[in-house]
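Notes for the structure review
For reference, the chains in residue letters:
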Amino acid sequence: MFSLGSNGGKYTKPSFVSYVNPEKGNDALQEKNPVFLPGEVVFCSASPVLKCTHDDLLEGSIMGTLFCTNFRISFVSDQVLLEDVVQPFRNRLYGENDIPLTCVDQIYGDYDEKRKLITNTQMKNKHPNGIIVHCKDLRVFQFSLKLAKEEAAKKIFQGIVRHSLEPKSLRCIFAFSYCENIAGAPETQNKPRTLMFENIVDWMEEMKRTKGNCKLLEINKDFTISQKLPQFFFIPTNVLEKDLAAYQGKGVPIWCWSHHSGCALFKTASLPLVQEESFLRAQKLYMERMLNAVAHNYLYAVKAVDLSETLPSIQDIQQSYSRFKQNFLIDNIGEFWISDMKWFSTLETTRWLSIIRQCLHKAVEVVEYLEKENTNILLIEDGGTDLSCVISSLVQLMLDPHYRTLTGFQSLVQKEWVVGGHNFLERCNHLNNKDKESPVFLLFLECVWQLLQQHSLAFQFSETYLTVLSDSISVAIFSTFIFSSPYQRVSSMKTESQTHGSLLNIPSVWDWSLQFDCKSQEFLFNPLYREKSKQEKTRNKNQRPKPIRQLSLPNATPPKKYFFKEETESLRKMLRGTRISRWMHLSDSAQASVWEFYNAWQQKPLDYHGLLLPDLDGPAIRLWMQRYLRWIPEVQIFGGGDITLVNKITSLSQELEELRMELEQQVRQADPRCKSTETVNKSTIRMSCFFPFASCRSGSFKPAIPTSHCDGEMDMGHLAEREDEDTELTDNSVIRGCAD
Amino acid sequence: MEKSGSADSLGSKRSSSRQPSVDSLTSTNTTRSDRSAHLRSAVSPDAASARTDLGAEVLKESSRIAEGELQLLPRESVQDTASDVTYICPFLGAIRGSLTVTNYRLFFKCLDKDPAFVLDLPVGVISRVEKIGAISAQGEVSFGLVCKDIRNLRFAHRYQEGSLKKSIFELVNKFAFPVSNALRMFAFEYGQPFPENGWKVYDPLAEYKRQGLPNESWRITKANEHYDVCETYPATLVVPANIPDEELKRVAAFRAKGRIPVLSWIHPETQATVTRCSQPMVGVNGKRSKEDEKHLQAIMDANAQSHKLFIFDARPPVNAAANKMKGGGFESEDAYQNAELVFLDIHNIHVMRESLRKLKEVVYPNIEESHWLSNLESTHWLEHIKLILAGALRIADKVESGKTSVVVHCSDGWDRTAQLSSLAMLMLDGFYRTLRGFQVLVEKEWLSFGHRFQLRIGHGDRNHTDADRSPVFLQFIDCVWQMTRQFPAAFEFNEFFLITILDHLYSCLFGTFLCNSEQQRLEEDLPKRTVSLWSYINSQHEEFTNPLYVDYANHVLYPVVSMRHLELWVGYYIRWNPRMRPQEPLHQHYRELLAKRAELQRKVEELQREVAGRAAVAPPEKAGSPAGSPVQTCV
């Protein structure tokens, strides 16, 4: 028998391919089953298993049962008590002792005190005494299998390794089993809604909002032009239809966003590399036509920015991140304090922060072209769906306050990443084929976090939102993050629906109610966000020139024509390079120019609803502490951290709101005592600085005292041996050095 | 920004409040307040329209230029002005202007720039004036000023050949180092009256009374009234009740510089104490002192909760052992039964000085971005901060959680010991986290207990290579700042308060940080002849108040001392770099909310009075004051 999901007694045939026969838990275990999700099926389980916590002050080891299902590895404690602890922020899909299979990063086996990295190829029969699971959301679990029966221990070990590390097919991703077993999610009716960009309406709405002037294409509705491009997209009006299919959609400038001046941001995949002269010439001519078309969008100025040449490669990003994250996957305290000594240089050698800075820097460069010079921009990248997504979204986030709202941001991610064709499936490595893994989307979130921490009043969403979003990437329930392209999504959902006999719908991550209840969803909003007041809105409307006006200027054409000619001339000159991307390689002066641009911006009064630039200086680019340090007990500041500040502001704002209400009531002469007691319910629980992720603690606790001192680690040279002030132990008078 | 009046005319403050050219700020706060003013106009809904804002901006601009004139403090006098000086700004390039030198400050201005550029700094911050290179082809001489506040200034000055007039930089040299030139420090001239007298902030008897002293185990002694037990200690000391004054002298003979173990702080509930002293004079032969052993036993016995005593030696064990050669050393566990000795591995003043020198190289004038973190690490500055904080944390933990008394010392007990005892007290006692409490802490643990400010800072002394100089007090303030970062609502004072203290540590405008000990301060009659820094601060305390402060006095703060949570104090060390934007709009935001709340509360009360007048219903109490609600609320 299968252990079934919680959706009543309804029996659904599991549609995954299983290597291990699902096992029937014995009766004693039955009651300790985790709460299964619809479509979730247990592969195997073992009991008793010890979960070891490195924070042994708190509870030490916990006895329980370890399950492996088609969704997760789940540890269910024998102690019922733990379940009752009320957590302010709970995920409905998985608990604190659950690891979604796609969230497993690495598994180590504990073989008689020797730790070995388990890889899928090495499936030894000898199972380890314990396993250590490193998760993509930076949690670390240690399970001891010593107490479990030999057979069960072996089985659970093999099951976990098989299902979380071995390559699998898309069809095995839990989202498919899940969506078959849930009712089609009701359309979210809340306004404003997240634009999904899966239909023409959303695209039109976006174009209308930005007042751009491009041509909508429906020609790829059935992916006949390209399987990499969205079904619907905008291109410059001057692109000829016959050019679209020339290189399977590569080289076609896809509209991203229009600046209020009229210039716009486009992106494209670079053309395939060719050797032969005639092809090369054809490519050059083709790209020239495309550039001209982009230039024609506004004022005949265009800049092509090649990202493949100036930014780190996808492999660099992956390598850097895998070194970086290792510093946070800590499973013993000694290791923590030893690594503390070289902390800054360790961070630096991973180069992760430097990659973040490079991306932000590049985005500021592009922003400068758009904002200061009103130049059309064409982002070019080999695949056109990785760094160009990072840069184009960052540019839009800096220039357009709409994307700093929650729905605006989600729409941006839909437009640039999901529909834009970022290969989430391979970049997130959901199918365990390591070779194309790279945390490009996470890199984008990191950059957004930098902006958020530098300008916390400008964003409607919170740091917690970004952290939760980054966690959601590896949950594999959301359609947002499991496909390689819109084509794959549309085609596989079509096949699925056909086999299933009804229309299937994998939920989007933006349906936050799947993960969090109403109260928890409040944490996704930034209490510091300053909404734009009505006055400001109207003022800005008056100030900003309508972009249309500029385009419709009657006499602008003759001089511009000349300009256009010149521009093409220079473009031609630049096209003489062997590779198209050479043309407009940003020079070293870009650095200086960006600084100047930033300085000029900084001099001006800061408008949170206007242009927002990041400070790129060394000290300003920081570590996303909430995401990376939240599970490490040693670094929890109880009763402190920025969260205290945020909470104070939140409660003050609430108080203000209540006062306002009270005022209104009093004016209406209602009962003045109405509801003013609510805020009194505040306890002095010492909240961690990583709230809402780490648990609260009441009462006293031990401070984290460093265990290893720097005995001889710090090389102080001869100075350390010098007596300090006590040179005068025997001589009380001050020895003054001779005057210079 | 619209402050005026006498208090405002203090060098550093003033230049900042009206000076938009970032380089010239003597304090960071400026950019912040300028910025927030913009913020207010840009974001707040009830701000005037954009056009009037612009008008206001222009007005401000012109008034700035008018104010670009030097405003002298009482008894400040212009010594000379040179009109053709070029300031070589590392951020803005060469700026031509005029340079004025007074007996207190150096004032450079260039009105051609828009906005006008002003550089205004007390000559006290200058540690070295040096001529760089020979006369250039243009007949210019370059001068470099090395400052104590993490910046170097460079000027070029046309040299009038054949002129009898001395270079203006010779004047700088004269007034920056009054001690070396047999001049009086400006602090003795400056006689600005303030409504508050800061010299009265600390009254030892009142402070000990606040701590519940004397009690049955501890007595207040006047044995050092004439500073003959220990000349670097204060006149008022707290010692175990059963140790008579005569014995104290014998204990003093066994402690370096006579700095006997005395009480710094007592736990209000457990009676566990923090006591401080200098190293015992053990020497190579392992000398012992019956009186000293008895003294420590008495300290332990005064705390009924524990039968143990922890001795924290701030030094690395190697250095402590090396001190034996000089007659010093550390307590042996044979001689002091029930005592446990712990070394805290904090390095000496020379290591700290070198570390700060390296830090300055890394942050001024520009940061090398690609190696920022490893460069920062190579200075070891934060590593030292970590060790000091970790030491204080261990002390606080022993006293609070272990209910055990502790003795803290280093070699002389006036540098590392002061850092540790004061930081531990800051963690343990909420009083010291208030604006006045912190002043008491500095007066008590640093000034009265003889941290040698004159020697460590070298006020007015030309000898910049003096090996006694060391940034010990700066490190302490840095540690405090780290704590305020980790507990943003636990301190009544703000970052600007800490920066102001550091600015006036060097300015020599106030008498507070002059001299080396209480005895010297009395000899010099400083309270009569100079103004206290606290007079200035307490006369306009709103400037220095943290709007987020919540008094939760009984909470012990345990900061996290891991490098993961320590960061370089950009607002102090990198404040001269105009690109470092102070990141504190949140405080501003909070202030605005507070103001709004006050307004609404007022309205509510008015209405309530009205209603009450009509219906004779008692108005409900609104729990509104920030002090009423705890910081950590469960959302």
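Residues numbered from 1 in each chain as written. Chains lettered and ligands numbered in written order. Predicted model: local features only at pLDDT ≥ 70, side-chain atom pairs only at ≥ 80, totals over all residues. Heavy atoms only, no water.

1. Observations regarding the overall build of chain A
Here is the rule we go by: Secondary structure is summarised from DSSP: a helix means a run of H or I of at least four residues, a strand means a run of E of at least two, and numbering begins at the N terminus for each. Only protein chains enter the accessibility calculation, which uses a 1.4 Å probe; a residue whose area is less than 20% of its type maximum is buried, one above 50% is exposed, and one in between is partly exposed. Here, residues are in contact when the closest pair of their heavy atoms is within 4.5 Å. We get accessible surface area from the Shrake-Rupley algorithm with a probe of 1.4 Å; when it comes to residues, only the shown protein chains can shield them.
Of the regular secondary structure elements, chain A holds 26 helices and 14 strands. Put simply, chain A has 740 residues, and 58% of those count as buried. Excluding contacts between residues fewer than 6 apart, the proportion of contacts in chain A whose partners are at least 24 apart in sequence is 73%. As displayed, chain A has an accessible area near 31700 Å², and 53% of this comes from carbon and sulfur atoms.

2. Concerning the overall build of chain B
When helices and strands are counted, chain B shows 22 helices and 14 strands. Taking all 635 residues of chain B together, 65% fall into the buried category. When contacts within chain B are restricted to residue pairs at least 6 apart in sequence, those whose partners lie at least 24 apart make up 72%. On chain B, roughly 22300 Å² of surface is accessible, and the fraction owed to carbon and sulfur atoms is 52%.

3. Quick notes on the domain arrangement of chain A
It is common to give the size of an interface as the accessible area that goes away when the parts come together. Residues and elements named next belong to chain A. We apply this condition: Domain extents, as shown, originate in an automatic or database domain assignment. Defined here as a combined quantity, buried area equals the accessible surface (1.4 Å probe) lost by two parts on assembly, summed across both. In the analysis that follows, any N or O atom pair within 3.5 Å is treated as a polar contact, provided that within protein one partner can donate a hydrogen and the other can accept it, and provided that, for residues neighboring in sequence, both atoms belong to side chains.
Once the domains are mapped, chain A shows domain 1 (22-166), domain 2 (200-602) and domain 3 (625-730). Contact residues are listed per partner, giving 29 residues for domain 1 and 31 residues for domain 2. Considering only the side of domain 1, the residues that lose the most area to domain 2 are Phe89, Arg92 and Thr102, jointly responsible for 25% of the buried surface there. Run the count over domain 1 and domain 2 and you get 9 residue pairs in polar contact (both at pLDDT 80 or more). Broken down by secondary-structure element, the contributors of at least two residues to the side of domain 1 that touches domain 2 are strand 5 (104-111), strand 7 (130-135), strand 8 (140-144) and helix 3 (150-165).

4. Let's talk about the environment of Phe176(A)
Residues and elements named next belong to chain A. Within the element layout of this structure, Phe176 appears in helix 4 (residues 174-180). Between the alpha carbons of Phe176 and Met493 there is a distance of 9.1 Å; along the sequence they are 317 residues apart. Setting aside residues up to four positions removed in sequence, Phe176 forms contacts with Leu170, Arg171, Ile482, Phe483, Met493, Glu496 and Ile506.

5. Re helix 14 (residues 435-448) of chain B
Residues and elements named next belong to chain B. Definition in use: A helix is expected to reach a length of 1.5 Å times the quantity of its residues less one.
Helix length check: helix 14, at 14 residues, gives a terminal C-alpha distance of 19 Å against a target of 20 Å (1.5 Å per residue), a fit within 8%. Most of helix 14 is tucked away: 13 of the 14 residues are buried. At the C-terminal side of helix 14, Gly450 shows a positive phi close to 75 degrees.

6. Here we look at the environment of Trp381(B)
Residues and elements named next belong to chain B. By the secondary structure assignment, Trp381 is in helix 12 (residues 381-400). Counting along the chain gives 94 residues from Trp381 to Gln475, while the straight-line C-alpha distance between them is 8.9 Å. In this structure Trp381 touches Met352, Ser355, Leu356, Leu359, Pro471, Leu474, Gln475, Asp478, Leu568 and Tyr573, once residues within four positions along its chain are discounted.

7. Observations concerning the sheet that holds strand 12 (residues 264-269) of chain A
Residues and elements named next belong to chain A. Note the threshold: At least two DSSP bridges between two strands are needed for those strands to be called paired. Angles here are taken between N-to-C directions and fall from 0 to 180 degrees, while the axes themselves are lines fitted to C-alpha atoms, restricted in helices to the stretch in contact.
Ordered by their spatial adjacency, 4 strands build an open sheet running 11-12-14-13, and the pairing between neighbours is mixed. Sheet topology places strand 11 (254-258) and strand 13 (302-306) at the edges, where each strand pairs with a single neighbour. Between one strand axis and the next, the sheet turns by 20 degrees as a mean value, whatever way the strands run. When strand 13 meets strand 14 (residues 376-381), the two strands line up parallel, connected through 5 bridges. Paired with Val302 across the strands is Asn376, a residue of strand 14.

8. Comments concerning the side chain of Asp397(B)
Turning to its location among the elements, Asp397(B) is positioned in helix 12. Judged by relative accessible area, Asp397(B) falls into the buried class, the value being 3%. For Asp397(B), the contacting residues outside a window of four places in its chain are Lys702(A), Pro703(A), Ile705(A), Gly402(B) and Tyr558(B).

9. Looking at the packing of helix 12 (residues 352-371) of chain A against helix 13 (residues 387-399) of chain A
All names here are of chain A. Heads up, the rule is: Should an angle fall under 35 degrees it is taken as roughly parallel, and over 145 as roughly antiparallel, whereas 65 to 115 is taken as roughly perpendicular and any remaining angle as oblique. When the near helix sits turned anticlockwise from the far one by under a right angle, the crossing is termed left-handed; a clockwise turn instead gives a right-handed crossing.
Relative to each other, helix 12 and helix 13 sit at 55 degrees, their axes nearing to 9 Å. In terms of axis orientation, helix 12 runs oblique to helix 13. In the packing of helix 12 onto helix 13, the handedness of the crossing is right-handed. Here Cys359, Leu360, Lys362, Ala363, Val364, Val366, Val367, Leu370 and Glu371 of helix 12 come into contact with helix 13, specifically with Leu387, Val390, Ile391, Leu394, Val395, Met398 and Leu399.

10. Focus on the packing of helix 13 of chain A against helix 14 (residues 406-418) of chain A
Residue and element names in this part refer to chain A. Going by this rule: Side-chain classes follow a simple rule in which Ala, Val, Leu, Ile, Met, Phe, Trp, Tyr, Cys and Pro form the nonpolar group, Asp, Glu, Lys and Arg form the charged group, and the remainder, Gly included, forms the polar group.
Between helix 13 and helix 14, the least distance of the axes is 10 Å, while the angle of their chain directions is 150 degrees. Relative to helix 14, the element helix 13 lies roughly antiparallel. Classified by chirality, the crossing of helix 14 by helix 13 is right-handed. Contact residues: Cys389, Val390, Ser392, Ser393, Gln396 and Leu397 in helix 13; Phe409, Leu412, Lys415, Glu416 and Trp417 in helix 14. Per-class residue counts for the contact of helix 13 with helix 14 are 6 nonpolar, 3 polar and 2 charged.

11. Notes on the pairing of strand 2 (residues 62-69) of chain A
All names here are of chain A. Among the 8 residues in strand 2, 7 count as buried, and that is most of the element. As paired elements, strand 1 (residues 42-52) and strand 2 share 7 bridges and run antiparallel to each other. Within strand 2, the position partnered with Val42 by the bridge is Thr69. Examined bridge by bridge, strand 2 and strand 3 (residues 72-77) share 5 bridges and lie antiparallel to one another. Bridged to Phe67 within strand 3 is Ser74. Between strand 2 and strand 3, which pair antiparallel in sequence order, lie 2 residues.

12. Remarks on the pairing of strand 10 (residues 262-266) of chain B
All names here are of chain B. When you tally the buried positions in strand 10, you get 5 out of 5 residues, the bulk of the element. When strand 10 meets strand 11 (residues 273-277), the two strands line up antiparallel, connected through 4 bridges. By the bridge assignment, Leu263 is partnered in strand 11 with Thr275. Between strand 10 and strand 11, which follow one another and run antiparallel, lie 6 residues, and Gln271 among them has a positive phi close to 65 degrees.

13. A word on the pattern of salt bridges
Defined as follows: A side-chain nitrogen of Lys or Arg and a carboxyl oxygen of Asp or Glu constitute a salt bridge if their distance falls within 4 Å.
In total, this model carries 57 salt bridges over all chains according to the counting rule given. Across the salt bridge formed by Glu416(A) and Lys267(A), the nearest N and O atoms sit 2.7 Å from each other. With a gap of 149 residues between them, Glu416(A) in helix 14 and Lys267(A) in strand 12 connect regions that are remote in the sequence. Classification of Glu416(A) by relative accessible area gives buried; the value is 1%. Note that Lys603(B) is salt-bridged to Glu599(B), the shortest N-O span being 3.6 Å. You can see Lys603(B) and its partner Glu599(B) sitting in helix 22 (residues 585-615), 4 residues apart, about one turn around the helix. Taking the relative accessible area as the measure of exposure, Lys603(B) reaches 35% and is therefore partly exposed. Where salt bridges share partners, they join Glu206(A), Arg209(A), Asp400(A) and Lys415(A) into one cluster.

14. Quick word on the packing of aromatic side chains
Rule in force here: Only centres within 6.5 Å qualify two rings of Phe, Tyr or Trp (six-membered ring in Trp) as a pair; their planes then separate them into stacked at under 30 degrees, edge-to-face at over 60, and tilted for everything else. Criterion for a charge above a ring: Arg CZ or Lys NZ at most 6 Å from the ring centre, at most 35 degrees from the ring normal.
The tally for this structure, following the rule as stated, stands at 79 aromatic pairs over all chains. Measuring from centroid to centroid gives 5.7 Å for Phe174(A) and Tyr178(A), while their planes differ by 40 degrees, and the two rings are tilted. Of the two residues, Phe174(A) and Tyr178(A) both sit in helix 4, 4 residues apart, roughly one turn of that helix. This pair shows no difference in class: Phe174(A) is buried, exactly as Tyr178(A) is. Seen from their ring centres, Tyr536(B) and Phe544(B) are 6.2 Å apart, and the 80 degrees between their planes marks the pair as edge-to-face. Residue class for Phe544(B) comes out buried when judged on its relative accessible area of 0%. In this arrangement the basic side chain of Arg151(B) is found over the ring face of Trp576(B), its NZ or CZ atom lying 3.7 Å from the centre.

15. Concerning the UniProt feature "binding site: substrate" (unreviewed entry) in chain A
All names here are of chain A. Heads up, the condition is: UniProt positions are given in the numbering used here, feature names are shortened, and annotations may be inferred rather than shown by experiment.
UniProt records the feature "binding site: substrate" (unreviewed entry) at Asn332 and Ile333, using the numbering of this structure. Secondary-structure assignment places Asn332 in the loop between helix 9 (314-326) and helix 10 (333-341). Assessed through its relative accessible area of 35%, Asn332 is described here as partly exposed. Within the local environment of Asn332, its side chain forms a polar contact with the backbone nitrogen of Gly334, the two atoms lying 3.1 Å apart. Looking at the secondary structure, you find Ile333 in helix 10. The exposure class of Ile333 is partly exposed, given its relative accessible area of 29%.

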